[in-house]
Amino acid sequence: IPVDPFDLVVFGGTGDLARRKILPALFRRYVAGQIEGDVRLIGAARSEMDATAYREMVREAILEFGGDEAGRKTELAAFLKMLDYVTLDAKGTQGWADLAAKMRTDRICAFYFSVAPSLFGDLAKRLHKHGMADDESRIVVEKPFGRDLETARALNRTLARHFHEGQIYRIDHYLGKETVQNLMAIRFGNVLFEPLWNSQYVDHIQITVAESVGVGGRGDYYDSSGAMRDMVQNHMMQLLCLIAMEPPAKFEPDAVRDEKLKVIRALDPVEPENVVRGQYEGGDAQPGYRAQVENADSLTESFVALKAHISNWRWAGTPFYLRTGKRLKERASEIAVMFKDAPHSIFGADAGRHHNILTIRLQPNEGIELGVTIKEPGPGGMRLIDVPLDMTFAEALGPEEADFPDAYERLIMDVIRGNQTLFMRGDEVEAAWAWTDPVIAEWDAQSDAPLPYASGSSGPDDALMLMHRDGRRWREIR
Ligand code: NAD
């Protein structure tokens, strides 16, 4: 269904994120027929260029990052006609009057802040000053949203001076992933799982976001951030919330976000013995972390594993184990709900003991798998084995339906539709920082370095111990 006509300004429209993600996503939605009619997409950035040069830059970006659709020459030519460009200084006066003159008031106006967070306040203030911030306009802000509770609060306050909460779309692209939304469909659209979704039946939950690459060219940005800020506070926290939250009464923005917030507020502080941080070493002709960042003595973590407890009626006694890192064995993200053993095995010890596992795979091959126990086929007696009931979407739905839109496609269309369900609310972000801040403060107070781990491994051994001492094991990263 096409969205209503809109004008979208991409501040930072010449930057890496705009070229790799935002503009290709808009193009794919155009090819899909969701963007049509009189729409203007205006790049606004510091570089001096005119609209023709900007169109050429975007054409090249789409050819490089647009996927299969990039070959659609006629559509690409038509799409590029929607583009315009303004040279603008977020901190000065240049370009603002030009931009205001281009915006039309009879439609939805959205402003994507794809610039450094230090400029968010300047943009909000000038949008207001130049009469572009009416009650219907929307702003989209990228991560990182602050670097701790204090800075996130300050940022929320700054934005709130010119925009109300219903206009602010804080992006976490994990929430735009098809499988993440499917997690809610699985939980709240079936009767099968919800009765078992609690500490009585769930032994523990594992959330893994493993990357095989290192910090690459983003070393200096990453070094000022680290895995806790870059991954745990936002993406992993969002996954944790969706897994653990109570059923909202309606699938509506505030109903869903209220429930997520309750989860974050119910998290116990993380005890120092329940968190492990690591930093990758070099190997196989690959440089180690410290060789890739400016500070050769950096104490920034490229890996975190931790055990979290949610102190509420549903989850008391069920630990949530989270781990994320760079330069791990494989690029693989999943949530695994590990159910308890059957209370009694009628088949005897020889048959083996098994338990159900529900795995929600985010990458690669998005899909959901339920491990069930069956009899091993054949005449060998009652021996049990685990087999997957596999719901890999590409197989179940056919390749066409499983050709999911990229997270950015969905999220940008939600901005235009005015649906905030998949965006983080200000209080959620603050609550998440309030939980991660003490862990980071504890690290800052020590002088110990993160534990080294080999590139291509599963992280430091202490992360394995975090599970072993509870009589549990991480799932293989694959
Ligand atoms: P970038 O450095 O590639 O681009 C920055 C853009 O901002 C450029 O278009 C530049 O012209 C513009 N800009 C800088 N100063 C300006 C000023 N004073 N006035 C107007 N425009 C100005 O950055 P990026 O990688 O595209 O990141 C943009 C935002 O997205 C950042 O907040 C970043 O944290 C976030 N982000 C980026 C990625 C990514 O993969 N690149 C991922 C997640 C979040």
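Keep in mind that what you see is a predicted model, and the values were worked out from it rather than measured. (Residues numbered from 1 in each chain as written. Predicted model: local features only at pLDDT ≥ 70, side-chain atom pairs only at ≥ 80, totals over all residues.)

## Structural notes on the overall build of the protein chain
- Helix and strand counts for the protein chain stand at 15 helices and 15 strands.
- Taken against the 2.2 N^0.38 rule, which gives 23 Å for 478 residues, the C-alpha radius of gyration of the protein chain at 24 Å falls within 12% of a compact globule.
- In terms of its C-alpha atoms, the protein chain occupies a principal-axis envelope of roughly 80 × 50 × 45 Å.
- Counting all 478 residues of the protein chain, 41% fall into the buried class.
- Contacts spanning at least 24 positions in sequence make up 78% of the contacts within the protein chain whose residues lie at least 6 apart. (Helix = DSSP H or I, 4+ residues; strand = E, 2+ residues; numbered from the N terminus. Rg over C-alpha atoms; globule rule 2.2 N^0.38 Å. Buried ≥ 20, exposed ≤ 12 C-beta atoms within 10 Å, placed from the backbone. Contact = placed C-beta atoms within 7 Å.)

## Looking at the domain arrangement of the protein chain
- Entries for the protein chain in the domain assignment read domain 1 (6-142) and domain 2 (175-404 + 424-468).
- For domain 1 and domain 2, the distance between their C-alpha centres works out to 34 Å. (Domains from an automatic or database assignment.)

## Describing the packing of helix α9 (residues 227-244) against helix α10 (residues 253-266)
- Relative to each other, α9 and α10 sit at 105°, their axes nearing to 9 Å. In terms of their interaxial angle, α9 and α10 are classed as roughly perpendicular. Facing α9, whose interface residues are M237, L240, C241 and A244, α10 presents K260, V263 and I264.
- Of the residues belonging to the contact of α9 with α10, the class tally is six nonpolar, no polar and one charged. (Axes fitted to C-alpha atoms, helices over the stretch in contact; angles between N-to-C directions. Parallel < 35°, antiparallel > 145°, perpendicular 65-115°, else oblique. Nonpolar A, V, L, I, M, F, W, Y, C, P; charged D, E, K, R; others polar.)

## Brief notes about the nonpolar core
- F11, Y112, F113 and L240 are the most contacted members of the largest nonpolar core, which has 122 residues in total.
- Element by element, the count of residues in this core is highest for α9, at 12 residues.
- Here this core gathers at least three residues from each of two domains, domain 1 (6-142) and domain 2 (175-404 + 424-468).
- Ignoring any residue separated from it by four or fewer positions in sequence, one finds L240 in contact with I207, V263 and F320. (Core = buried A, V, L, I, M, F, W, Y, C linked by C-beta atoms within 7 Å.)

## A look at helix α5 (residues 120-129)
- Listed as buried for α5 are F120, L123, A124, R126 and L127.
- Those residues of α5 hidden inside the fold are in contact with β1 (6-11), α4 (96-102), β4 (108-113), β5 (138-141) and α6 (149-160).
- Looking one or two residues past α5, G131 carries a phi angle of roughly 70°, positive in sign.

## Observations regarding the site of the ligand
- Near the ligand, the surroundings consist of 22 residues, among which G12, G15, L17, A45 and A90 are the closest.
- Looking at the shell around the ligand residue by residue, the class counts come to 10 nonpolar, six polar and six charged. (Near = placed C-beta within 6 Å.)

## Focus on the UniProt feature "binding site: substrate" (unreviewed entry) in the protein chain
- Under the feature "binding site: substrate" (unreviewed entry), the UniProt entry names H173, K177, E211, D230 and K326.
- Along the chain, H173 turns up in the loop between β6 (168-170) and α7 (178-189).
- What H173 contacts, discounting residues up to four positions off in sequence, is A407, Y408 and L411.
- Along the chain, the position of K177 falls in the loop between β6 and α7.
- Each residue touching K177, except ones within four places of it in the same chain, is listed here: L362 and A407. (UniProt positions renumbered as here; feature names shortened; annotations may be inferred.)

## Let's talk about the environment of V387
- Structurally, V387 is set in strand β14 (residues 384-392).
- Residue classification places V387 among the exposed residues on the basis of 11 C-beta atoms within 10 Å.
- Along the sequence, V387 and E369 sit 18 residues apart, while their C-alpha atoms lie 9.7 Å from each other.
- Those residues in contact with V387, other than ones at most four positions away along the chain, are V372 and I374.

## Describing the UniProt feature "binding site: NADP(+)" (unreviewed entry) in the protein chain
- Within the UniProt annotation, "binding site: NADP(+)" (unreviewed entry) is assigned to G12, G13, T14, G15, D16, L17, A18, R19, R46 and K143.
- With respect to the helices and strands, T14 occurs in the loop between β1 and α1 (16-31).
- Once residues lying within four places of it in the same chain are set aside, the contact partners of T14 are G43, A45, S47 and M57.
- Apart from the residues lying within four places of it in its own chain, the contact partners of A18 are V10, G12, G13, L23 and S114.

## Concerning the pairing of strand β3 (residues 83-87)
- Taking burial as the measure, the five residues of β3 include four buried ones, the bulk of the element.
- Pairing geometry for strand β2 (residues 40-45) and β3, over five bridges, is parallel. By the bridge assignment, A45 is partnered in β3 with T87. (Pairing = 2+ DSSP bridges.)

## Details of the packing of α9 against helix α14 (residues 426-445)
- Where α9 meets α14, the axes come as close as 10 Å, and the angle between the chain directions of the two elements is 145°. Where α9 crosses over α14, the handedness of that crossing is right-handed. For the pair α9 and α14, contact is made by M228, V232, Q233, N234 and M237 and by A432, W433, T436, V439 and I440, respectively.
- For the contact of α9 with α14, a count of residues per class yields seven nonpolar, three polar and no charged. (Left-handed = near helix turned anticlockwise from the far one by under 90°.)

## Some remarks on the sheet that holds β4
- Ordered in space as β3-β2-β1-β4-β5-β6, the six strands form an open sheet in which the pairing is parallel. Bordering the open sheet on either side are β3 and β6, each of which pairs with just one other strand. Across the sheet, the mean angle separating the axes of adjacent strands is 20° when strand polarity is ignored.
- Across the sheet, α5 is in contact with β1, β4 and β5; its angle to β4 comes to roughly 155°.

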